[in-house]
Amino acid sequence: MAPSDTVYIAGIGVGGKGESDLTECAKSQHARISFLCDVDDRMAVNSKKNFPEAKYYKDFRKMLDKEHKHIDAVTVSTADHTHAVAAMAAMQLGKHVYVQKPLTHSIGEARALTEAARKYKVVTQMGNQGASGENVRRMKEVIDAGLIGEVKRVYAWTDRPVWPQGIAAPTGMHPVPEELSWDLWLGPVEKIDYNPAYHPFNWRGWWRFGTGALGDMGIHIMDPFFRILPIDYPSEVECSATTAYKGFFEVAHYTESCPSSSIIHLKYPRTDGKGDIQLTWMDGGLRPRLPEELPADHELSNLTNGVIFEGSKGKLMGHYADSLLLLPLSLNEQVEKVPKTEKRIPHGHYVDWVEACMKGVEESDLSSKFDFAGPLTEAVLMGNLAIRSYQLEISESGDSTYPGRKRLLWDAKNMKVTNFDPANEFVMRKYREGWSL
């Protein structure tokens, strides 16, 4: 393959999901995995074996500074708290980026990356692979065809977290593994002691580093809702979350950890001016009541991750990846008659991104480029803003009060809650010195 026909890719975070991301990108004949970067040598073992000619770094800032002339594109598959700073550093150098979901750790970061993608004219893709799948396209075609009528309400749910959440912050002193650069792993987060409760995977349940069940699965499951319906940003959000107890009538304030389960209600004004659409999200094993039209013993009654669109003529129920069922069941007879009007992605989410890097941003029409992924991420993370406000305890006299347990009104243009200012501290994270956008 001639150098002019090759996309030289650097991977930031190359263990776990990062390993599979690079492996999938390498399926394109135009891809060459040229550089690997990981703060933990243990996590990088397989990628080093898979791509033995790739040069290895531990600090992505040093890699980009020294090797940027030899890099065309970058994958970012780190923990959530490092997504934005790594992606922004690459884009500022004119590098195309593939960033794992959720795109960012905070709403403000998602807006910043969306604007940066336009400014630097780079090809972008978020790692919600189902966005390039068949099912979401068929969902859109069926709903656009009017089979279930006008959608007013949607329910979405997941069985996540499948890692610890709603627990006390870890304690104790633990030696840092010699293969791990803990300071680099922390990145933009304030310095705290190493604890195996955070790394390598259970970081998802801690607000410092992760975005909980919603950030992990909401991006997947809410994608059809956001892609199909005429909406962009929510105007209101409210929530409730499981209360933990450490004693009889003694509430445990585990504010460093995401709750074990939550319910989030979001209102989205339609962009066509025809009213609002309500979305209810549930996680931690909670789910909405199953539709009465669904037979009691139907296989979809056991969906652990799913979505229900409620329309004026019927309902659409399914999984974000591979199930689609219309209710009442008689409506399914009409599905085959609905034409396939949406563009298909025959080579998949990753190869499509690599091929777009070859063509350039003007010709890219990717399933989850930042013009789509950024607003989607903002809309999803509104739920976390509500949860953190719900967990926020303000007490002046020793009595516990929860002023954030209310319906929060959202000014999307200015990224600001207008009726409870303390919530706005969660719009944009604070960065440790030496790390910024």
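So, here's what we can say about the structure. (Residues numbered from 1 in each chain as written. Predicted model: local features only at pLDDT ≥ 70, side-chain atom pairs only at ≥ 80, totals over all residues. Heavy atoms only, no water.)

### Quick look at the overall build of the protein
The line we're drawing: Starting at the N terminus, helices and strands are each numbered in turn, a helix being any DSSP run of H or I of at least four residues and a strand any DSSP run of E of at least two. Restricting the calculation to C-alpha atoms gives the radius of gyration, and the globule rule supplies 2.2 Å times the number of residues raised to the power 0.38. Three exposure classes are used, based on accessible area relative to the maximum for each residue type with a 1.4 Å probe and protein chains only: buried under 20%, partly exposed in between, and exposed over 50%. By definition, residues are in contact when any of their heavy atoms lie within 4.5 Å. All accessible-area figures derive from a Shrake-Rupley calculation using a 1.4 Å probe, and residue coverage is judged against the displayed protein chains alone.
Scanning the protein for helices and strands turns up 11 helices and 17 strands. Scaling as 2.2 N^0.38, a compact globule of 437 residues should have a C-alpha radius of gyration of about 22 Å, and the protein matches this with 22 Å. With the C-alpha coordinates of the protein rotated into their principal frame, the extents come out at 65 × 60 × 40 Å. Residues counted as buried form 55% of the 437 residues belonging to the protein. Sequence-distant contacts, at least 24 apart, represent 72% of the contacts inside the protein between residues at least 6 apart. Total accessible area computed for the protein in this model is approximately 18900 Å², and 48% of it derives from carbon and sulfur atoms.

### Re the environment of valine 176
For valine 176, the location among the structural elements is in the loop between strand 7 (151-157) and helix 7 (182-186). Sequence spacing of valine 176 and aspartate 193 is 17 residues, and the spatial spacing of their C-alpha atoms is 8.8 Å. Filtering out sequence-adjacent residues up to four positions away, valine 176 remains in contact with Trp182 and Tyr194.

### A closer look at the sheet that holds strand 12 (residues 276-282)
Test applied: At least two DSSP bridges between two strands are needed for those strands to be called paired. In this description, a line fitted to the C-alpha atoms serves as the axis of each element, helices being fitted only across the stretch in contact, and the angle between N-to-C directions of two axes falls anywhere from 0 to 180 degrees.
The strand order 15-14-13-7-12-11-8-16-17 describes an open sheet built from nine strands, whose pairing is mixed. Looking at strand neighbours, the two that pair on one side only are strand 15 (323-327) and strand 17 (416-417), the edges of this open sheet. In the packing of helix 8 (residues 212-221) onto the sheet, the strands contacted are strand 7, strand 11 (262-269), strand 12 and strand 13 (306-311), and the crossing angle to strand 12 comes to about 130°.

### Things to note about the packing of helix 8 against helix 11 (residues 370-391)
Which entries qualify depends on this criterion: Here a crossing is taken to be left-handed if its near helix is turned anticlockwise relative to the far helix by less than a right angle, and right-handed if that turn runs clockwise. Residues are sorted three ways: Asp, Glu, Lys and Arg are charged, Ala, Val, Leu, Ile, Met, Phe, Trp, Tyr, Cys and Pro are nonpolar, and all the rest, Gly among them, are polar.
Running from N to C, helix 8 and helix 11 cross one another at 140°; their axes reach a closest spacing of 10 Å. Regarding helix 8 and helix 11, the two cross each other, and that crossing is right-handed. Listed contacts from helix 11 to Leu214, Gly215, Gly218 and Ile219 of helix 8 are Leu376, Thr377, Val380, Gly383 and Asn384. Class assignment for the residues of the contact of helix 8 with helix 11 results in four nonpolar, five polar and no charged.

### Observations concerning the state of the cysteines
Convention followed: Pairs of cysteine sulfur atoms within 2.5 Å are what we label disulfides.
This model, assessed by the stated rule, comprises zero disulfides. Cysteine 25 takes part in no disulfide bond, and the closest cysteine sulfur to it belongs to cysteine 357, at a distance of 8.3 Å. In this structure cysteine 258 is not part of a disulfide, and its nearest cysteine sulfur, from cysteine 239, lies 12 Å away. Exposure remark for cysteine 258: the relative accessible area of 2% places this residue in the buried category.

### Points about the pattern of salt bridges
Stated formally: Counted as salt bridges are all cases of a side-chain nitrogen of Lys or Arg within 4 Å of a carboxyl oxygen of Asp or Glu.
Following the criterion strictly, the structure yields 26 salt bridges and no others. A salt bridge links aspartate 216 to lysine 101; the nearest nitrogen and oxygen atoms lie 2.6 Å apart. Placement of aspartate 216 in helix 8 and of lysine 101 in the loop between strand 5 (96-100) and helix 5 (107-120) is noted, with a sequence separation of 115 residues between them. In this structure aspartate 216 comes out as buried when scored by relative accessible area, which is 6%. Salt-bridge contacts for glutamate 378 lead to arginine 111; the nearest nitrogen and oxygen are separated by 2.7 Å. With a gap of 267 residues between them, glutamate 378 in helix 11 and arginine 111 in helix 5 connect regions that are remote in the sequence.

### Topic: the nonpolar core
Basically, it comes down to this: By convention a nonpolar core is built from buried Ala, Val, Leu, Ile, Met, Phe, Trp, Tyr and Cys residues, the set being connected through side-chain atoms within 4.5 Å.
One finds Trp185 and Phe309 to be the most contacted residues of the largest nonpolar core, which totals 98 residues. It is helix 11 that contributes the most residues to this core, 12 residues altogether. Excluding its chain neighbours within four sequence positions, the residues that come into contact with phenylalanine 309 are Ile143, Ile148, Val151, Arg153, Val154, Pro224, Phe225, Ile228, Leu229, Gly314, Lys315 and Leu316. The next biggest cluster of nonpolar side chains, apart from the first, holds 20 residues, and it includes Val14, Leu22, Leu36 and Leu366.

### Some points on the sheet that holds strand 2 (residues 31-37)
Strand order across the open sheet formed by six strands is 3-2-1-4-5-6, with parallel pairing between neighbours. Both edges of this open sheet fall to strand 3 (55-57) and strand 6 (124-127), since each of them pairs with a single strand only. Taken over all neighbouring pairs, the strand axes of this sheet differ in orientation by 20° on average, direction set aside. Of the pairings in the sheet, the one linking strand 1 (residues 7-12) to strand 4 (residues 73-76) comprises four bridges and is parallel in character. Opposite alanine 10, over in strand 4, you have valine 74 as the bridge partner. Helix 11 contacts strand 5 and strand 6 of the sheet and is inclined by roughly 40° relative to strand 6.

### Regarding the side chain of serine 106
Mapping serine 106 onto the fold places it in the loop between strand 5 and helix 5. Residue contacts for serine 106: discarding those within four places in its chain leaves Leu381, Phe426, Val427, Met428 and Arg429.

### A few points about the pairing of strand 7
Of all seven residues making up strand 7, five are buried, and the element is well covered by its neighbours. Bridge count for strand 7 against strand 13 is six bridges, and the pairing is antiparallel. Opposite arginine 153, over in strand 13, you have glutamate 310 as the bridge partner.

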